[in-house]
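# Remarks on the overall topology
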Amino acid sequence: MSEAHYRVRVEGDHLKKLASAKPIQAVAELIWNAVDADATRIDLEIESDDIAMRSVTIRDNGHGIPHSDVEAVFGKLGGSWKAHGNRSKTKGRILHGKEGKGRFKALALGRVADWTVRYRESGKVLGYKITVLRDDLVDVRVTEPKEVDLALGTGVEVRVTELDRTYRSLDPQYAVQSLSEIFALYLTDYADVGVFIEGERLDPSKLIAGRERFELSPIVDEGKEYPAEVEVIQWTSASERWLFLCGPEGFPFHRVTPRFHTPGFQFSAYLKSSFIGALQERGLLDLAEMSAPLQAAYDEASERIKEYFRGKEIEAAQSEIEQWKAEEIYPYRSEPATTVEKAERQVFDIVALNVNKHLQDFSEQSKRTKAFQLRMLRQAIERGPDELQHILTEVLDLPERTQKELSKLLEEADLANVISASKLVADRLKFVHGLEAVLFDPDSKKLLKERSQLHRMIAENNTWIFGEEFGLTVDDQSLSEVLRKHRKLIGDDTVIDQPVKRIDGKVGIVDLMLSRSVPQNHADEREHLVVELKRPSVKIGADEITQVQKYAFTVAEDERFRHLKTRWSFWVLSNDLDSYARIQTRQKGKARGQVFQSEDGDIEVWVKTWAEVIAECKSRLKFVQDHLQANVDRESSLRYLKKTYEKYLTGIAEGNEEDAEAEDQQVEHEGASE
């Protein structure tokens, strides 16, 4: 078969540039050629063997290229038949490209590109072949046409061989998503076009999770206005984020990586304007970032995109949290009543939503397991950064960057201390209210079957009710032994630091005594708290006060403590005082309830009612609670939390300048003009 040779009239280095592209971009250019030729079916086929990928074929049923047009189409750039109109020949489709550049992208895949062309002329179907080698791009080889079977119909088959390598991006599992992004708008507008990858039709609608169009301000250049809009498609599957610069019809000419992030959302955005088409025709789109009018439109489009996904993120986050509440696995039952509680709740929501996002199987777990993990997160937040870091790292194994970010929430502005202190105060208030009910409420008093129960309740880390200085106490066996040694001074039937038998009501309720040692900084120093819980029926009077003072003096002088620097606090508690005791507990120069203090201050004796102890506790705790509230209310103290909470509820994180520069370098030309 004889063949002719046409020389491409363009500089060789320019052709090499045109023949370079990423695999998906190269395939997309060949598909654009097909749809511009009024093809209704385009097939992408990959031939591979056990060793490597051997060829890439794009086949279409368009009107083909008349042999008489080959020299104009291949011989010179800008000589495409499309240059003389904006519509395709038979179907009137809006054309994608006009200058004939796109076909050379085939050689970005391999060394040899063959076009097998069939076209209709004078009632016959004629066929011929075009070959271009990457080694000699300016030489286009074309065979003479000959008649072929009419049943074959018209069309073009482009087959690229001697591939540079095996292209994973052309594997259907990756190519479907990438080509869907490029052709989503076109395939929506032209339903009669079918693109098939290894026999399976490309259907972008199956991959689209959401779609929205936004009008933008007109692009103004040299006094002329160009309409502009941005269309956003949210994808269901993982994908790179792209913003395509398109002509007014939505054809992608150029793509850039957005300089902002939308965590949890994958999208393609299409900035459309006739101004972009004009830049493309003038060959200036590669320098898009230098066009001030286009950059203004890009910035406005970016804001609209962020706003769109901000709403989506809030909707998704609120939906997830509402779902947890509906399933009754959310670890908070009521709405936050204070700023501290609100801050804690926001921290929890951020951490929990991140766990849900990064642990793929979290949503698949049982209701009971999810409830347990959410409770565990709440407790970790209440206990501070160390506990939270342990949970995030050892238990949940979240990404390191996420771990650091979430832990910083609690470290910022002493938020950890605020939350943990707030939790401590809240728990103590609950204990005080419960104690009050047990002691005074007629129904609750019935639950207190034994006085020893009260002993255990207070001795188990609740001695703070007598003052914050007694907030941390420990058992001291030697102290208990000394107290028992001198027990006869206050009554041999007093039980000291031991459980008592169950009281059945027939035997009188005995007095109880608990003792705790307060840790000191120096080994030769001691501080002891001794509390006598009188029988409920006993009103404290002169006898009880004299009795406890003698006991205090004797215990303090015991040989075990005589030569140590020891401070003693003796307390006597009952439900009521007689008139003598009330006068004694209100002495001038002494704190209310203090009936004795030694000159050196090492021995104190206190007499109080339970009502007084509880009232003082509530007052102290309320004071601390109010100050915690004031600390959280300060604007500066929660700046990082507010910023982060907004970020996770909006899903938008602005890239820093360094990120922006790096991403600018990733700008890639889609090579969409033909």
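The preceding data block contains the structure.
Throughout what follows, the structure given in this document is the object of discussion. Nothing here was measured: the structure is a model prediction, and the numbers come from that model. (Residues numbered from 1 in each chain as written. Predicted model: local features only at pLDDT ≥ 70, side-chain atom pairs only at ≥ 80, totals over all residues. Heavy atoms only, no water.)

## Examining the side chain of Asp60
Structurally, Asp60 can be placed in strand β3 (residues 53-60). Residue contacts for Asp60: discarding those within four places in its chain leaves Ala34, Ala39, Arg41, Ile42, Thr154, Gly155 and Val156. (Helix = DSSP H or I, 4+ residues; strand = E, 2+ residues; numbered from the N terminus. Contact = heavy atoms within 4.5 Å.)

## Remarks on unusual backbone geometry
At Asp38, a residue that is not glycine, the phi angle is positive and equals roughly 65°. Here Asp38 lies in the loop between α2 (23-36) and β2 (41-48). You can call Asp38 buried: its relative accessible area is 6%. Positive phi is not limited to glycine here, since Glu198 has a value of about 50°. Taking relative accessible area as the criterion, Glu198 reaches 41% and is therefore assigned partly exposed. (Buried < 20%, exposed > 50% of the residue type's maximum accessible area, 1.4 Å probe, protein only.)

## A few points about the pattern of salt bridges
Here the structure, examined in full by the defined rule, presents 23 salt bridges. Between Asp135 and Arg111 there is a salt bridge; the shortest N-O distance is 2.6 Å. Taken as a pair, Asp135 in the loop between β5 (124-133) and β6 (136-143) and Arg111 in strand β4 (residues 110-121) lie far apart in primary sequence, 24 residues in all. A salt bridge links Glu303 to Lys306; the shortest N-O distance between them is 2.9 Å. (Salt bridge = Lys/Arg side-chain N within 4 Å of Asp/Glu carboxyl O.)

## Quick word on the nonpolar core
Of all hydrophobic cores here, the largest spans 90 residues; its most connected members are Val56, Trp115, Leu179, Leu271 and Leu294. Ranked by residue count, the leading element in this core is α2, at 9 residues. What Leu271 contacts, discounting residues up to four positions off in sequence, is Leu216, Glu229, Val230, Leu243, Phe244, Leu245, Cys246, Ile276, Leu294, Ala297, Tyr298 and Ala301. Core analysis: the next-biggest nonpolar cluster, separate from the first, contains 20 residues, Ile465, Val531, Leu573 and Leu621 among them. (Core = buried A, V, L, I, M, F, W, Y, C linked by side-chain atoms within 4.5 Å.)

## Thoughts on the packing of aromatic side chains
Summed over all chains, the structure comprises 18 aromatic pairs. Ring centres of Tyr330 and Tyr332 lie 5.7 Å apart, and the angle between their planes is 55°; this geometry places the pair in the tilted category. One exposure class covers both Tyr330 and Tyr332, and it is buried. Measuring from ring centre to ring centre gives 5.5 Å for Trp571 and Trp606, while their planes differ by 15°; the resulting arrangement is stacked. Here Trp606 lies in strand β24 (residues 603-609) and Trp571 lies in strand β21 (residues 565-574), a separation of 35 residues in the sequence. Grouping residues by exposure puts Trp571 and Trp606 together as buried. (Phe/Tyr/Trp six-rings, centres within 6.5 Å; stacked < 30°, edge-to-face > 60°.)

## Digging into the packing of α2 against helix α4 (residues 172-189)
Interhelical geometry of α2 versus α4 gives an angle of 40° and a closest axis separation of 11 Å. With respect to α4, the element α2 is oriented oblique. Considering only the axes of α2 and α4, their crossing is right-handed. On α4, the residues touching Ile24, Ala28, Ile31, Trp32 and Val35 of α2 are Ala175, Ser178, Leu179, Ile182, Phe183 and Tyr186. (Axes fitted to C-alpha atoms, helices over the stretch in contact; angles between N-to-C directions. Parallel < 35°, antiparallel > 145°, perpendicular 65-115°, else oblique. Left-handed = near helix turned anticlockwise from the far one by under 90°.)

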